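Now for the letters of each chain:
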Amino acid sequence: MADHTLAVLDASSFALTDHTLTIGQEFPDVETCRRTLKDIAIALHFDLRIVKSDRSRFIAKCSKEGCPWRIHVAKCPGVPTFSVRTLHGEHTCEGVRNLHHQQASVGWVARSVEARIRDNPQYKPKEILQDIRDQHGVAVSYMQAWRGKERSMAALHGTFEEGFRLLPAYCEQIRKTNPGSIASVFATGQENCFQRLFVSYRACIYGFINACRPLLELDKAHLKGKYLGSLLCAAAVDADDALFPLAIAIVDVESDENWMWFMSELRKLLGVNTENMPRLTILSERQRGIVEAVETHFPSAFHGFCLRYVSENFRDTFKNTKLVNIFWNAVYALTAAEFESKISEMVEISQDVMSWFQQFPPQLWAVAYFEGVRYGHFTLGVTELLYSWALECHELPIVQMMEQIRHQLTTWIENRRDLGMRWNSILVPSAEKRISEAIADARCYQVLRANEVEFEIVSTERTNIVDIRSRVCSCRRWQIYGLPCAHAAAALISCGQNAHLFAEPCFTVASYRETYLQMINLIPDKSLWKELGEGTEGAGAKVDIIIRPPKTRRPPGRPKKKLLRVENLKRPKRVVQCGRCHLLGHSQKKCSMPI
């Protein structure tokens, strides 16, 4: 055996750079000694048999009969360390000749993968067993890998049960570090089982009320952790069309009652700002519970269907590609006359379309009839965000899950604030692009001025009336999308106005910067929280109440993963039709027909 410098290391950092042992070598404690010898046995492919292990000594030998390898480690007097007293370090046996090793226990697996799991909680058991085989030459079963990961996750993040117990203190920390934020947890029953958690940060509340469009998306994702549950979210849209989460909730189960509670909390959140809050447009899949909750707490809001949900239902009902394409043309029709024309085309193909419309009234999804302002948002972007969070965080305890979400929100706010400060234009890039396209298309029109504010815009297909004071066009595109259409751009250019100044304020760079003006502050490590004894009222639960996990526990077996297929997130490609020559395949801007 080669000698090397003797050292005593902390239990948390003890490691051998090689697999040698020497007499007099010291270990911080007997547990570190046991783990180190197990690692050496696996690395050198021999089985270890423990002869004696107690508070004062550890004796082990090679499990092969007749092999002289043996070690005796004893506690040093007056100090907590252990040192090697006797060592017979030579093997005469052939060692372990197969891939299965008795020392490769669940605990060893947990220690082996801890660093990897810290960086990647999505580290799969099948990846663990493959990596252990490649790195250590040891075969472990799927269940060993799965249990090892569970144990390592608990060591790194705490148990799921501890996560629920920490919730009252966590909510208290959110309110302390981010004044003006809302964080409340609710328990139910005599056992104080978890029921609901609601979190909305002051930075998000401020950004939505002061700068975002009066548009909210509602949706949920089911969690597949140890205790299941559902993740609810209300998200707005910023000036550049990016999603801006306003409020997040975790509930024990998705139900009408929990949706009613979520919308009640949302109304309280916005209630203090009712004077400044315009009439909301809310988009969802319009499940019964959501519809009732919106009608109860936001009775004046325009509540529309998510077009993905409606279109998938239409597609699955009729299974006719031509009909689906006409349906999408009807969706985007700007006027009632255009919409009815498309309906007539659909009825010619199938009479059943009219009965389908009774189930999905056009007033709740068609651009021509929906009274709210969607600003061009027809499907729920929040759906993909929620599924992403649920997939990334479902293996974390509830507090770590919320912390992961908070970290992402913080990063978004910081990055988008920096991005907004680099823009020098009046409008955000997405709006600038649409205005530029409208100005380019405006060259095709003849402008006749009726008075100071009204204009007739003449084209080969029709005449449109524009009122630049009221910011309306008879084509309805200006009102629906919040940005001047090509007719409005033609009128504004003719009287020397800057079309960019006639966009809704929510599309300006100033609004974008205001959205991300405030920060989400850091929350201290849980070791600094006061878990018990504060007894804070008014937050849904006292801090001194211990919250236990919900009754909804995951059934045995590997959970099935519901994947959102990419094709389901896309609508059929629309065919472009020129507004001048009415031919398909190009727009007015690229039309070669002489004016």
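In this convention, every chain numbers its residues from 1, walking through the sequence in written order. The predicted nature of this model means local features are confined to residues of pLDDT at least 70 and side-chain atom pairs, given and counted, to a pLDDT of 80 or more, with totals for whole chains, interfaces and linings taken over all residues. Calculated side-chain values reflect all of the structure's heavy atoms, with hydrogen atoms and water omitted.

Some points on the overall build of the protein
The helix and strand inventory of the protein stands at 18 helices and 16 strands. When the 595 residues of the protein are sorted by exposure, 49% land in the buried category. By sequence separation, contacts in the protein at least 24 residues apart represent 62% of the contacts at least 6 residues apart. Secondary structure elements follow DSSP: runs of H or I no shorter than four residues count as helices, runs of E no shorter than two count as strands, and numbering proceeds from the N terminus. Buried, partly exposed and exposed residues are distinguished by accessible area as a fraction of the type maximum, computed with a 1.4 Å probe on protein chains only: under 20%, between the cut-offs, and over 50%, respectively. We call two residues contacting when some pair of their heavy atoms lies within 4.5 Å.

Some points on the pairing of strand E2 (residues 48-53)
In this sheet, strand E3 (residues 57-62) lies alongside E2 in antiparallel orientation, the contact comprising five bridges. Counterpart to Ile 50 in the pairing with E3 is Ala 60. We call two strands paired when DSSP finds no fewer than two bridges between them. Linking E2 to E3, which pair antiparallel, is a turn of three residues.

Here we look at the packing of aromatic side chains
Two descriptors summarise a pair of aromatic rings, namely the distance from one centre to the other and the angle between the planes of the rings. Only rings of Phe, Tyr and Trp enter the pairing, Trp through its six-membered ring, and a pair is recorded when the two centres are within 6.5 Å. The plane angle decides the type: under 30 degrees is stacked, over 60 is edge-to-face, the rest tilted. Under the counting rule described, the total for this entry stands at 29 aromatic pairs. Each ring, one from Phe 314 and one from Phe 318, has its centre 4.7 Å from the other, and the planes form 45°; the classification is tilted. Placement of both Phe 314 and Phe 318 in helix H9 (residues 307-318) is noted, with a separation of four residues, approximately one turn of the helix. Of the residues examined, Phe 314 reaches a relative accessible area of 0% and is grouped as buried. For the ring pair Trp 356 and Trp 365, a centre distance of 6.1 Å and an interplane angle of 65° mean the geometry is edge-to-face.

Notes on the sheet that holds strand E12 (residues 302-305)
A sheet is described by the order of its strands in space; here seven strands give the open sequence E6-E7-E10-E9-E8-E11-E12, paired in mixed fashion. Both outer strands of the open sheet, strand E6 (182-188) and E12, are each paired with one neighbouring strand and no more. Taking each pair of neighbouring strands and ignoring which way they run, the sheet shows an average axis angle of 20°. Note that strand E8 (residues 215-222) and strand E11 (residues 281-284) share three bridges and pair parallel. Note that in E11 the partner of Leu 216 across the bridge is Ile 282. Where helices are involved, their axes are fitted lines through C-alpha atoms of the stretch in contact, as for all axes, and angles between N-to-C directions lie from 0 to 180°.

Details of the state of the cysteines
In what follows, a disulfide is any cysteine sulfur pair within 2.5 Å. Scanning all chains against the criterion turns up zero disulfides. The thiol of Cys 485 is unpaired, and the distance to the nearest cysteine sulfur, on Cys 473, comes to 3.7 Å. The exposure class of Cys 485 is buried, given its relative accessible area of 4%.

Focus on the packing of helix H7 (residues 256-271) against helix H8 (residues 288-297)
In the contact formed by H7 and H8, the axes pass within 8 Å of each other and the chain directions differ by 30°. The way H7 lies across H8 gives a crossing that is right-handed. Residues Asp 256, Trp 259, Met 260, Met 263, Ser 264 and Arg 267 of H7 pack against Arg 288, Gly 289, Ile 290, Glu 292, Ala 293, Val 294, Thr 296 and His 297 of H8. Two helices that cross are described as forming a left-handed crossing if the nearer one is turned anticlockwise from the farther one by less than a right angle, and a right-handed crossing if clockwise.

Here's the deal with the sheet that holds strand E16 (residues 472-473)
Think of a sheet as strands paired side by side through backbone hydrogen bonds, with each pair either parallel or antiparallel. An order of E13-E14-E15-E16 is seen for the four strands of this open sheet, with the pairing classed as antiparallel. A strand with exactly one partner marks an edge of an open sheet, and here the two such strands are strand E13 (446-449) and E16. Here strand E15 (residues 463-467) runs beside E16; their pairing, made up of two bridges, is antiparallel. By the bridge assignment, Val 466 is partnered in E16 with Cys 473.

Some thoughts on the confidence of the model for the protein
The predictor rates its confidence in each residue with pLDDT, a number between 0 and 100. Per-residue confidence for the protein gives a mean pLDDT of 82; residues scoring 70 or more make up 85%. Per-element confidence in the protein ranges from a low mean pLDDT of 70 for helix H4 (residues 142-157) to a high of 95 for helix H18 (residues 509-515). Below a pLDDT of 50 lies the segment residues 1-18, which in the model reaches 32 contacts outside its immediate sequence neighbourhood of four places, other chains included. Contacts of residues 531-540 to residues separated by more than four positions or lying in other chains number 26 contacts, the stretch itself having pLDDT below 50.

Concerning the environment of Lys 342
Looking at where Lys 342 falls in the secondary structure, it is placed in helix H11 (residues 336-349). The sequence separation of Lys 342 and Leu 323 amounts to 19 residues, and the corresponding C-alpha distance is 9.9 Å. Residues within four places of Lys 342 in sequence aside, it is in contact with Ile 326, Asn 329 and Ala 330.

Points about helix H5 (residues 160-177)
Here H5 is 18 residues long and its end C-alpha atoms lie 24 Å apart, about the 26 Å a rise of 1.5 Å per residue gives. Approximately 50° is the largest bend angle found in H5, and it occurs at Leu 167, with the proline Pro 168 only one to four residues beyond. Of all 18 residues in H5, 13 are buried; the element is thus mostly enclosed. One less than the residue count of a helix, multiplied by 1.5 Å, gives the span that helix is expected to have. To get the bend at a residue, fit one axis to the 7 residues ending there and another to the 7 starting there, then take the angle between the axes.

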